[in-house]
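Observations on chain architecture
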Amino acid sequence: MTVIKKNQTIAPFLGAKLNFIPGQDPMGMLNIGEQIFSMLLSGLNNVTDRIRYYSFYCWFFGWYAKAIGSENPKEQRNYLRRAEYLLALISVPENEGGIAGITEALKNYSEDATSFSLHEGTGELEDVTEKTYWKNPRGVFGQNYVSSMRQMGLLRDKSENSGIYIRTAFDKEAVVTGKDLEEAFSLNLSESSKSIFISALKTCTISRKDLFAIKDDFYMINVKANSLENSLLKDMLVEVDQPTTSNEFYFRRNNIALYLSQVTESNNLATVQDFVNYCYTNQGKYKGEVNDTIMGWYYYQLSQYWHIVCTSHLKHFLGALQDKSASGWYVEEVLVKELTEKILTELKRAYKITENSTFLELNVLECSNTEIVKSIHTKSYTEGFCNGLLLLKKLMVENKNTITEQFNYAKKYKLHSTSDFVAVYKDLEQKAELPISEFVPIFLKKYILNRHQMVALNKMNATQSTEKFLREDGFIRFVSHIDFDFSNPRLGNLITFLKNLGIISKDGSELTSNGLKLQKQLFECWKD
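What counts, and at which threshold
- Residues numbered from 1 in each chain as written.
- Predicted model: local features only at pLDDT ≥ 70, side-chain atom pairs only at ≥ 80, totals over all residues.
- Heavy atoms only, no water.
- Patch = residues over 30% accessible without salt bridge, like charges linked within 9 Å, V, L, I, M, F, W, Y side chains within 5 Å.
- Areas by Shrake-Rupley, 256 points an atom, 1.4 Å probe, with all protein chains shown as cover.
- Salt bridge = Lys/Arg side-chain N within 4 Å of Asp/Glu carboxyl O.
- Helix = DSSP H or I, 4+ residues; strand = E, 2+ residues; numbered from the N terminus.
- Buried < 20%, exposed > 50% of the residue type's maximum accessible area, 1.4 Å probe, protein only.
- Pairing = 2+ DSSP bridges.
- Axes fitted to C-alpha atoms, helices over the stretch in contact; angles between N-to-C directions.
- Contact = heavy atoms within 4.5 Å.
- Phe/Tyr/Trp six-rings, centres within 6.5 Å; stacked < 30°, edge-to-face > 60°.
- Lys NZ or Arg CZ within 6 Å of the ring centre and 35° of its normal.

1. Some points on a nonpolar patch on the surface
- Together, W329, V331, V334 and F475 make up an exposed nonpolar region whose accessible area comes to about 310 Å².
- Relative to the helices and strands, W329 is located in strand 8 (residues 329-331).
- Looking at W329, the relative accessible area reads 37%, which means it is partly exposed.

2. Things to note about the sheet that holds strand 8
- Spatial ordering of the open sheet is given by 8-11-10, a layout of three strands whose pairing is antiparallel. What marks the edges here is a single partner per strand, and that holds for strand 8 and strand 10 (469-472). Each adjacent strand pair in this sheet contributes to an overall mean axis angle of 30 degrees, direction not counted.
- Most of the contacts of helix 13 (residues 292-325) go to strand 11 (residues 475-478), to which it runs at about 100 degrees, and overall it touches strand 8, strand 10 and strand 11.

3. Section: the packing of aromatic side chains
- A full pass over the atoms with the stated rule returns 47 aromatic pairs.
- Their ring planes at 35 degrees and their centres at 5.4 Å tell us that Y53 and Y145 sit as a pair that is tilted. Linking Y53 in helix 2 (residues 52-67) with Y145 in helix 6 (residues 139-151), this pair joins segments that are 92 residues apart in sequence.
- Overall, the relative accessible area of 2% leaves Y53 in the buried class.
- For Y145, a relative accessible area of 2% corresponds to the buried category.
- Taking NZ or CZ as reference, R82 lies 4.5 Å from the ring centre of Y79, over its face.

4. Some points on unusual backbone geometry
- Look at K131: it is not a glycine, yet its phi comes out positive at around 60 degrees.
- Turning to its location among the elements, K131 is positioned in the loop between helix 5 (118-122) and helix 6.
- On the basis of relative accessible area, K131 is assigned to the exposed category, the value being 75%.
- The phi dihedral of D473 is positive, around 50 degrees, even though this residue is not glycine.
- Judged by its relative accessible area of 73%, D473 falls in the exposed class.

5. So, the side chain of E332
- Mapped onto the fold, E332 is located in helix 14 (residues 332-351).
- Contact partners of E332, with chain neighbours within four places excluded, come to K445, L449, R471, G474, F475 and I476.

6. A look at the side chain of T340
- Its location among the elements puts T340 in helix 14.
- Excluding anything up to four places from it in sequence, T340 contacts S437, V440 and P441.

7. Quick word on the pattern of salt bridges
- Enumeration over the complete set of coordinates arrives at 21 salt bridges.
- Here R150 and D157 are joined by a salt bridge, their closest N and O atoms 2.9 Å apart.
- A residue is classified by how much of its surface remains accessible, and R150, at 32% relative accessible area, is partly exposed.
- Exposure remark for D157: the relative accessible area of 30% places this residue in the partly exposed category.
- The structure contains a network of salt bridges with shared partners spanning K66, R167 and E182.

Shown next as structure tokens:
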């Protein structure tokens, strides 16, 4: 028998088959957006859309520390999962969105049942979480809330690597602590409701009658108006962004002030897209003055448009590749040349440019950027390419005079990406002096094909790849399609929080009396 010595390989070497998976962000351009909205909306994310969970978890961890006290992480998780599933069961009759675990609770909620087992929804007895109310063993809290609540200064680890969470209690002026919210949440519970809920956590069962009895006190959609809990949650949103750090930023507060102002001025629902478009149109200024909060969203929306330009080019390139190669190999240079000719022919037809026109000479469309984005969503890859290039040209013209300002903004707040529009603008500006017939091949190869391949290779592991095409010896082969759209900047959840607290009306069209008071208060203490 042959013995393989150290550092010796016998060919051929066989490995596991590489699987191609969809992946996310194929051009790697959403990272800068995530950095920006993490800074501007600290303590929020895209999945925490009911603000009362913040006070509930403070109450739960306060109760657990005093009543149970076990420092076994698994025991704390079991109690936590029971509590989360119980909240979902309580919400079944209303069946409103935004309650974590309600899908499974609806399945287990029988109209004939007189009682309900918490074990049934949590999988605790079988020690499995698959097909339970929440797949993640750490529950909704561990997956969606822990990082946000840490940023808000509401909870911390009991000790390093303990796996046990406790609510906070510290003295800092104008800062809401975990203890504050625990006590405020408790004030909105009757002794009877509190007793029933806690008994259910310990016995792992609850009767239909008791579920009905506690549903109002543990209703997670809205927070009781004029209560201490409502007031503290509002204060939490407008306090310093990260109370446990030395940073004294008030971006979250300023975002609320700006959004309330938009609702008032428009006398109508201000959508997330309305908000970021306002910031983009005003190029980071409020009433002519540079404002760091608006500048952040300006930077964000510009990076989103650049993401659309590049990702749409990849989508349409893949469509062309599959169409021409029938999923086989195709000479890359030939394909790029053919696409360039089609693009140039279409631009000459539609915009009267010449064979030697430079990219700088390409028309600047008068329609809005969002309208151009809609036109990029087309089945015709030639039209898709052309509209993407027209959006790129418009972005270069619109933002030429603010690039240095945005570069300094990114430096000031430590925002970093080698691929965002601000970082590559100078190179694009130089390339724009070339004829379109030369600009297009360079753009496709450098900014689309090479960029995607680099991103996919960085994500690749031993068995999985997110590559959408393969390249080998000058040939290229189609793997799979992609799609593209704007990402969610968390503003939608902030708007939902404002509805939960009764600051804006349920349909979002106007400020309530409390909202008008808050708006006045925030503009009096505007701070960047």
